[in-house]
Amino acid sequence: MMSQLLNLMGFFALLQTLIPPPLRKYIDQGLRMLWGKLFPGEDPCMEIEVEERVVHGYTTNKLYRQVGVYLGSLRSSLNKQARLRVCRSVEGGPLSFSLHDNESIDDNFEGVQVSWTHSVKEKESPENSHRYSNPTQRSFILRFRKTDRAVILPAYLDHISDAAAAIERKNARRYLYTNNNDSWEETPFNHPSTFDTLALDPGMGERIKADLDAFSKGESFYHRNGRAWKRGYLLYGPPGTGKSSLIVAIANYMQFDIYDLELTKVSNNADLKSLLMQTTRKSVIVIEDIDCSVKLSNRDGADEASEKATDSNTSCKLTLSGLLNFTDGLWSCCGEERIFIFTTNFKERIDLALLRPGRMDMHILLSYCTFQAFKKLARNYLGIQEHPMYLELDEAMRKTSIQFTPAAIAEILISNQDSPDVAIREVLAAFPKDMPNERAGNVDGGKCQLSHNESKQQTFRQTMFVFFQKTKHLR
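Please read these numbers as outputs of a predicted model, since none were measured by experiment.

**Student:** Give me the overall build of the protein chain: which residues, what numbers.
**Tutor:** Helix and strand counts for the protein chain come out as 19 helices and 17 strands. Taking the intrachain contacts of the protein chain between residues at least 6 apart in sequence as the baseline, contacts between residues at least 24 apart amount to 70%.

**Student:** Lay out the pattern of salt bridges in plain terms, naming residues and giving numbers.
**Tutor:** Here the structure, examined in full by the defined rule, presents 15 salt bridges. Residue Arg231 is joined to Asp211 by a salt bridge in which the shortest nitrogen-to-oxygen separation is 2.8 Å. Taken together, the positions of Arg231 in strand S11 (residues 230-236) and Asp211 in helix H7 (residues 204-216) put the pair 20 residues apart, joining distant regions of the chain. Grouping residues by exposure puts Arg231 and Asp211 together as buried. The partner of Asp328 in a salt bridge is Arg356, and the shortest N-O contact between them spans 2.7 Å. With a gap of 28 residues between them, Asp328 in helix H13 (residues 320-328) and Arg356 in the loop between helix H14 (352-355) and strand S15 (362-365) connect regions that are remote in the sequence. Taking relative accessible area as the criterion, Asp328 reaches 26% and is therefore assigned partly exposed. Residue classification places Arg356 among the partly exposed positions, given a relative accessible area of 34%. Beyond isolated ion pairs, a larger network of salt bridges with shared partners links Arg85, Asp101 and Arg138.

**Student:** Provide a residue-level description of the sheet that holds strand S9 (residues 174-180), including the pertinent values.
**Tutor:** Remark on secondary structure: sheet strands pair via backbone hydrogen bonds, oriented parallel or antiparallel. The seven strands lie next to each other as S10-S9-S12-S13-S14-S11-S15, forming an open sheet whose pairing is mixed. The open sheet has two free edges, formed respectively by strand S10 (183-189) and S15, since each of these has just one partner strand. Averaged over all neighbouring strand pairs, the angle between strand axes comes to 20°, with direction disregarded. Here strand S13 (residues 283-287) runs beside strand S14 (residues 338-344); their pairing, made up of five bridges, is parallel. Looking at the pairing, Val286 lines up with Ile341 of S14. Sheet contacts for helix H10 (residues 269-278): S9, S10, strand S12 (257-260), S13 and S14; angle to S10, the most-contacted strand, approximately 40°. Contacting S11, S13 and S14, H13 runs over the sheet at an angle of about 140° to S14.

**Student:** How would you sum up helix H9 (residues 243-254)? Please name residues and give values.
**Tutor:** With 12 residues, H9 extends 17 Å from end C-alpha to end C-alpha; this agrees with the ideal 16 Å at 1.5 Å per step. Within H9, burial applies to Lys243, Leu246, Ile247, Val248, Ala249, Ile250, Ala251, Asn252 and Met254. Of the residues one or two after H9, Gln255 is the one with positive phi, at around 60°.

**Student:** Which residues make up the packing of helix H15 (residues 371-382) against helix H17 (residues 406-415), and what values do they have?
**Tutor:** To characterise two packed helices, one gives the angle between the axes of the helices and the distance between these axes. Viewed as axis vectors pointing N to C, H15 and H17 meet at an angle of 35°, and their least axial separation amounts to 10 Å. Crossing handedness for the pair H15 and H17: right-handed. Contacts from Phe374, Leu377, Ala378, Tyr381 and Leu382 in H15 reach Pro406, Ile409, Ala410, Leu413 and Ile414 in H17. Here the contact of H15 with H17 is composed, by residue class, of 10 nonpolar, no polar and no charged.

**Student:** Please give an account of the sheet that holds strand S7 (residues 112-122) that cites residues and values.
**Tutor:** A sheet is described by the order of its strands in space; here four strands give the open sequence S1-S8-S7-S6, paired in antiparallel fashion. Two strands close off the open sheet at either side, each with one partner strand: strand S1 (45-51) and strand S6 (104-109). Adjacent strand axes in the sheet meet at a mean angle of 25°, parallel and antiparallel pairs treated alike. Across eight bridges, S7 lies against strand S8 (residues 136-145) in antiparallel orientation. Looking across to S8, one finds that Val120 is bridged to Arg138.

Criteria and thresholds
Residues numbered from 1 in each chain as written. Predicted model: local features only at pLDDT ≥ 70, side-chain atom pairs only at ≥ 80, totals over all residues. Heavy atoms only, no water. Helix = DSSP H or I, 4+ residues; strand = E, 2+ residues; numbered from the N terminus. Contact = heavy atoms within 4.5 Å. Salt bridge = Lys/Arg side-chain N within 4 Å of Asp/Glu carboxyl O. Buried < 20%, exposed > 50% of the residue type's maximum accessible area, 1.4 Å probe, protein only. Pairing = 2+ DSSP bridges. Axes fitted to C-alpha atoms, helices over the stretch in contact; angles between N-to-C directions. Expected span 1.5 Å × (residues − 1). Left-handed = near helix turned anticlockwise from the far one by under 90°. Nonpolar A, V, L, I, M, F, W, Y, C, P; charged D, E, K, R; others polar.

Laid out in structure tokens, this is it:
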């Protein structure tokens, strides 16, 4: 009899993928009842119940929510269900699926087959119970073989928590925060910029993403080496080279909120510290145009007297010392897993103490448009991979001293997005052949560094060129 029973159970286990879940539920119950009668107290399976509420029903069980989110992501198993619940929590957000009451679903972890049942039943209500208490008791019941206990506990439940957290972070609405005096104001944030839409030089996007990946997985590494879990990036280069777009791409890639810190609205070091304490984990803290947003006392000899005068009353003024402590001082570790990003058009204007590793760990130069960056712009705006005029354009861009930012080139492509030939001819016309590239100077990452006046002249030429291109039909 024992042999026949085991064969019968093996047969039904083999047909699990073919039997509809409702019918399988009754078969499982029948087998358990038969096993219990033949071998009292020898159920080969064990059950774990994850209740919706704990501590007499007054506290929400976080694991219950995580199990629901996780099971809603098992699309292959959900497709076998006869009934499902579906909802959309925010306008334009993704659809969320969930099990119906008392329905079951299967899952597989490390080769172990498990089943979940969404149990919903009415509570036994004593006469003295509060009339406003929830009469329904909800829970998820996990069932698996006792021999697989070492595989399931606690690894499977930890896997569910991690997977649910990733799903919630991906689907959650993110926000852009701006400071107003000593508090933050939030705005829903849904910017489409990604690394695929940026006109970066070959390899730059991959290097940045590799650094971000190492940071996101590096909590134990940072703590083991006595460092706060944070990362700093300096984005520098001429206006219109994509610094703000790169910030958004980083935030979208990491699925972080953005805190846009406007230093002109910060009165003193105490307010700056208060704003830092209000930021959350998984956030990007941005200070754009740090070299010209406020006048901070430098730490060189010329400003030494001024710094001594302000050090005695730092709570009444925003100082460089306060900003340094903000990025890498004692308070910077209060709230980890954050990214600091500073931007500037002129790196040489920033105090060296702010640029050192530990504050700005990675310096990223965003310069004028190269031919490879242009090809990416043409792919995004014109939908083309190659063009007969590319060889001529590549030669023209290498031999001329005239340079254009990606923003200026993008404007030409946008104006001619329906005619790739016209767009490329106009870009080609922007690089005259009679102006050889004889520029010499300091090179950083293969890009020529322009002085302040040269940069202003380049920007003016680009602006006028785009203006004449856009108004030629009026002339």
